[in-house]
Amino acid sequence: MSEQVNGTPAGVLVRQLKMISSWMPEQVKEMSSEELLYRAGGKRSHILWCIGHIIVGSDIVTYISAGESNVPDKYRELFGIGTTPKDNIEGYPPIAEIMNVYKNMINNVIETIQSLSDDDLYSSLVGDHPKTLAEYFKTRLDLVTGTIGHLTYHIGQIYFIMRMLGKPGVG
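Now for a description of the structure that goes with this document. (Residues numbered from 1 in each chain as written. Predicted model: local features only at pLDDT ≥ 70, side-chain atom pairs only at ≥ 80, totals over all residues. Heavy atoms only, no water.)

**Overview of the overall build of the protein**
Item 1. Along the backbone of the protein there are nine helices and zero strands.
Item 2. Overall, the protein shows an N-to-C arrangement of helices and strands of α-α-α-α-α-α-α-α-α.
Item 3. For 171 residues, the compact-globule estimate of 2.2 N^0.38 gives 16 Å, and the C-alpha radius of gyration of the protein, at 16 Å, lies within 12% of that figure.
Item 4. If one aligns the C-alpha atoms of the protein with their principal axes, the spans along those axes are about 45 × 35 × 25 Å.
Item 5. Across the 171 residues in the protein, those meeting the buried criterion constitute 42%.
Item 6. Of the contacts made within the protein by residues no fewer than 6 positions apart, 69% connect residues no fewer than 24 positions apart.
Item 7. Approximately 9,000 Å² of the protein is accessible, and the part contributed by carbon and sulfur atoms is 52%.
Item 8. Positive and negative charge centroids in the protein, built from 15 and 19 side chains respectively, lie 7 Å apart. (Helix = DSSP H or I, 4+ residues; strand = E, 2+ residues; numbered from the N terminus. Rg over C-alpha atoms; globule rule 2.2 N^0.38 Å. Buried < 20%, exposed > 50% of the residue type's maximum accessible area, 1.4 Å probe, protein only. Contact = heavy atoms within 4.5 Å. Areas by Shrake-Rupley, 256 points an atom, 1.4 Å probe, with all protein chains shown as cover. Lys, Arg positive; Asp, Glu negative; His and termini not counted. Charge placed at Lys NZ, Arg CZ, Asp CG, Glu CD.)

**Overview of helix H2 (residues 9-21)**
Owing to its 3.6 residues per turn, the α-helix brings residues three or four apart onto one side.
Item 1. Here H2 contains 13 residues, and its C-alpha end-to-end distance of 18 Å stays within 8% of the 18 Å for a straight helix at 1.5 Å per residue.
Item 2. Looking at H2, one finds that the buried residues are Ala10, Gly11, Leu13, Val14, Leu17, Ile20 and Ser21. (Expected span 1.5 Å × (residues − 1).)

**Let's talk about helix H9 (residues 140-164)**
Item 1. With 25 residues, H9 should cover 36 Å at 1.5 Å per step; its first-to-last C-alpha distance of 36 Å lies within 8% of that length.
Item 2. With a side-chain oxygen positioned 3.3 Å from the backbone nitrogen of Leu141, the residue opening H9 is Thr139.
Item 3. Backbone geometry just after H9 places Gly166 at a positive phi near 85°. (Polar contact = N/O pair within 3.5 Å; in protein donor to acceptor, adjacent residues only side chain to side chain.)

**Quick look at the environment of Asn88**
Item 1. Among the secondary structure elements, Asn88 is positioned in the loop between helix H5 (73-79) and helix H6 (95-114).
Item 2. Classification of Asn88 by relative accessible area gives partly exposed; the value is 43%.
Item 3. Along the primary structure Asn88 and Glu34 are separated by 54 residues, whereas in three dimensions their C-alpha atoms are 9.3 Å apart.
Item 4. Among the polar contacts made by the side chain of Asn88, one reaches the main-chain amide nitrogen of Glu90 at a distance of 2.9 Å.

**Quick word on the packing of aromatic side chains**
Item 1. Taken as a whole and assessed by the stated rule, the structure comprises two aromatic pairs.
Item 2. Aromatic pair Phe79 and Tyr92: ring centres 5.5 Å apart, planes at 15°, arrangement stacked. Of this pair, Phe79 sits in helix H5 while Tyr92 sits in the loop between H5 and H6, and the two are 13 residues apart along the sequence.
Item 3. Overall, Phe79 belongs to the buried group, its relative accessible area being 0%.
Item 4. The class of Tyr92 is buried, set by a relative accessible area of 7%.
Item 5. Members of the aromatic cluster, connected to one another through ring pairs, are Tyr75, Phe79 and Tyr92. (Phe/Tyr/Trp six-rings, centres within 6.5 Å; stacked < 30°, edge-to-face > 60°.)

What is shown is where atoms sit, not what they do.
Laid out in structure tokens, this is it:
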């Protein structure tokens, strides 16, 4: 199916999502608990929370199209909007699991985008969605591009934290 959508808006979105999602550093699987929980300046997000938050945030694309979530409930509780990163590694699933869920989520979002026609992408978000969702995203295209922007932002945070820890940057 991906061959059929390469020249369409969905094809452009899929290429962008594949490129940006590939920037997720694989070396996070080898990082220590202290590194995964490090907060630059002692505040805000840490690497583990950022990855989980990307998963929860990206799920909205498949939820809007398929009407069901692909994210375990515990991920929403740990990484959803309004959650606070925890300082204890025992409060989180293992990083290998989180990375597998991340890869599966990206694949689900890609499949969802590939299933959308141009008309679907430009259709307005209607139905029983959170009010704030409709305020930020008027169409499915807005939602997908917003999701890609969200992914890019948090991957940037991950690399910033990694650089603060003396780890290599992207590329």
